[in-house]
Amino acid sequence: MEAQNTKKSVNVKSLCFTALMAALIFVFTYTFKIPLGTGYTHLGDAVIFLSIALLGSKKSSLAAGIGAALGDLVGGYAQWIAPTFFIKLIMVLICGVFAEKVIKKKLPGYIIGAVLGGLFQIGAYTVVKVILFDKAYAFTTLPELIIQTVVGIVAALVFIAIFNNTKVTEKLRKMVD
């Protein structure tokens, strides 16, 4: 006779999709670099914002934190691993509140949530740069961070609109829920 498991069961599909999104976030953060001023920008934020539509904010917050932090680890930016993990995680949760709770998963909810989450990201990274480096560096890199955030939001919204119109979002959400 089998012993009954009293713990909450793990949804393997959900876990796999979360891991897949973390891997995609890492790949798009680490691989697709666009040189800017003092550093570079990347397309990882686009995948992060897209993951909210596909996985929901709880699962994608973990995927965002892990995927982006791995990009810093492998890219040689060890001082950014912890800040990136928490900044991306919180950014996704902010976006998710509007997309899932306030405006109920409609495109306007994602837009408002992404903008507010993006503003948090810009502010949080600027504060960390002031702490790690100085005000001058933090404020001179602000335009690069704004560009990265805006490009990420716009690219994600294009894909979200396409996925919503083709019912891909709905089908994927059913698979992972």
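The following paragraphs examine the structure supplied in this document.

Conventions we followed
Residues numbered from 1 in each chain as written. Predicted model: local features only at pLDDT ≥ 70, side-chain atom pairs only at ≥ 80, totals over all residues. Heavy atoms only, no water. Helix = DSSP H or I, 4+ residues; strand = E, 2+ residues; numbered from the N terminus. Buried < 20%, exposed > 50% of the residue type's maximum accessible area, 1.4 Å probe, protein only. Core = buried A, V, L, I, M, F, W, Y, C linked by side-chain atoms within 4.5 Å. Contact = heavy atoms within 4.5 Å. Patch = residues over 30% accessible without salt bridge, like charges linked within 9 Å, V, L, I, M, F, W, Y side chains within 5 Å. Areas by Shrake-Rupley, 256 points an atom, 1.4 Å probe, with all protein chains shown as cover. Salt bridge = Lys/Arg side-chain N within 4 Å of Asp/Glu carboxyl O.

**Topic: the environment of Gly39**
Okay, so step 1: One can find Gly39 in strand β2 (residues 39–42).
Okay, so step 2: Of the residues examined, Gly39 reaches a relative accessible area of 33% and is grouped as partly exposed.
Okay, so step 3: Taking the C-alpha atoms as reference points, Gly39 and Thr166, separated by 127 residues in sequence, lie 37 Å from one another.

**What about the nonpolar core?**
Okay, so step 1: Core analysis: the largest hydrophobic core is formed by 25 residues, its most contacted members being Ile25, Ile48, Phe49, Leu50, Ile52 and Tyr110.
Okay, so step 2: Looking at this core, the elements with two or more residues in it are α1 (12–30), α2 (44–55), α3 (57–75), α4 (81–102), α5 (107–132) and α7 (142–165).
Okay, so step 3: In terms of residues, this core owes the most to one element, α2, which gives 8 residues.
Okay, so step 4: Beyond its immediate sequence surroundings of up to four residues, Ile25 is in contact with Gly44, Val47, Ile48, Ser51, Ala63, Ala64, Gly67 and Ala68.
Okay, so step 5: The next biggest cluster of nonpolar side chains, apart from the first, holds 7 residues, and it includes Trp80, Ile87, Tyr125 and Leu145.

**Things to note about a nonpolar patch on the surface**
Okay, so step 1: Taken together, the side chains of Tyr30, Leu62, Ile66, Leu70, Leu73 and Val74 define a hydrophobic patch exposed on the protein surface, amounting to about 480 Å² of accessible area.
Okay, so step 2: With respect to the helices, strands and loops of the structure, Leu62 is situated in helix α3.

**Side note on the pattern of salt bridges**
Okay, so step 1: Using the criterion set out here, one finds 1 salt bridge in the structure.
Okay, so step 2: As a salt-bridge pair, Asp45 and Lys88 come within 2.5 Å of each other at their nearest N and O atoms. With Asp45 in helix α2 and Lys88 in helix α4, this pair connects stretches of sequence that are 43 residues apart.

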